[in-house]
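If you want the building blocks of each chain, they are given just below.
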Amino acid sequence: MMRISDLQSKDIVSITDGKKLGLIADIDLNVKTGMIDSFILHSSGGWFSKGEEVKIMWKDVAKIGNDVILVRHPFNQETLIK
């Protein structure tokens, strides 16, 4: 079993280039299924300007490890939350 607080302490890292994308700030849950739909990240710089929010869809999570969550995604402007 994993708690949300466990997820929030893990770095989100792109498997495309190994860059740290940020930390989980929030989680979108599907209330019908109880499953995670996406993570909302506060960017730490990397691919985006510091302070921007980025949405990572659950389907793009490649692996959840002890210290990191690896994600694959061709990031574009649609993933930015304004």
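About the thresholds
All residue numbers refer to positions counted from 1 along the written sequence of the respective chain. At least 70 in pLDDT is required for a residue's local features to be given in this predicted model, at least 80 for side-chain atom pairs to be given and counted, and no such filter applies to totals for whole chains, interfaces and linings, which use all residues. Only heavy atoms go into the side-chain values, all of them from the structure, while hydrogens and water stay out. The numbering of helices and of strands both runs from the N terminus, where a helix is a DSSP run of H or I of at least 4 residues and a strand a run of E of at least 2. For every residue, the accessible area (1.4 Å probe, protein chains only) is compared with the maximum for its type, and the residue is labelled buried under 20%, exposed over 50%, or partly exposed between those bounds. Here, residues are in contact when the closest pair of their heavy atoms is within 4.5 Å. In this description, accessible areas are obtained by the Shrake-Rupley approach with a 1.4 Å probe, and a residue is regarded as covered only by the protein chains that are shown. Whenever a carboxyl oxygen of Asp or Glu lies within 4 Å of a side-chain nitrogen of Lys or Arg, that contact is scored as a salt bridge. Two rings from Phe, Tyr or Trp (for Trp, the six-membered ring) form a pair when their centres sit within 6.5 Å of each other. Planes less than 30 degrees apart are called stacked, planes more than 60 degrees apart edge-to-face, and all others tilted. Within 3.5 Å is the distance limit for a polar contact, defined as a pair of N or O atoms, with the added protein rule that one can donate a hydrogen and the other accept it, and that residues adjacent in sequence qualify only through two side-chain atoms.

1. Some thoughts on the overall build of the chain
A count of helices and strands for the chain gives one helix and seven strands. Mapped in sequence order, the helices and strands of the chain form the string α-β-β-β-β-β-β-β. Evaluated residue by residue, the chain yields a buried proportion of 32% over its 82 residues. Counted over contacts in the chain with a minimum sequence separation of 6, partners at least 24 positions apart contribute 36%. Accessible area for the chain stands at about 5,300 Å²; split by element, carbon and sulfur atoms hold 52% of it.

2. Re the pattern of salt bridges
Applying the stated criterion across every chain, the model contains three salt bridges. Between Lys 20 and Asp 11 there is a salt bridge, and its shortest N-O distance comes to 3.3 Å. Residue Lys 20 is classed as partly exposed on the basis of its relative accessible area of 39%. Between Asp 60 and Lys 59 there is a salt bridge whose closest N-O contact spans 3.6 Å. What makes Asp 60 buried here is its relative accessible area of 8%. Residue classification places Lys 59 among the exposed positions, given a relative accessible area of 63%.

3. Quick look at the packing of aromatic side chains
Applying the stated rule across the entire model yields one aromatic pair. A ring pair is formed by Phe 39 and Trp 58, whose centres lie 5.8 Å apart and whose planes are at 70 degrees; its orientation type is edge-to-face. In this pair, Phe 39 is assigned in strand β3 (residues 36-43) and Trp 58 in the loop between β4 (53-57) and β5 (61-64), connecting sequence segments 19 residues apart. Classification of Phe 39 by relative accessible area gives buried; the value is 1%. The partly exposed category is assigned to Trp 58, whose relative accessible area is 38%.

4. Quick look at the environment of Gly 22
Following the sequence through the fold, Gly 22 ends up in strand β2 (residues 20-29). Separated by 30 residues in the primary sequence, Gly 22 and Glu 52 have C-alpha atoms spaced 9.9 Å apart.

5. Remarks on the side chain of Ser 14
One can find Ser 14 in strand β1 (residues 11-14). Side chain to side chain, Ser 14 and Asp 17 meet in a polar contact 3.5 Å long.

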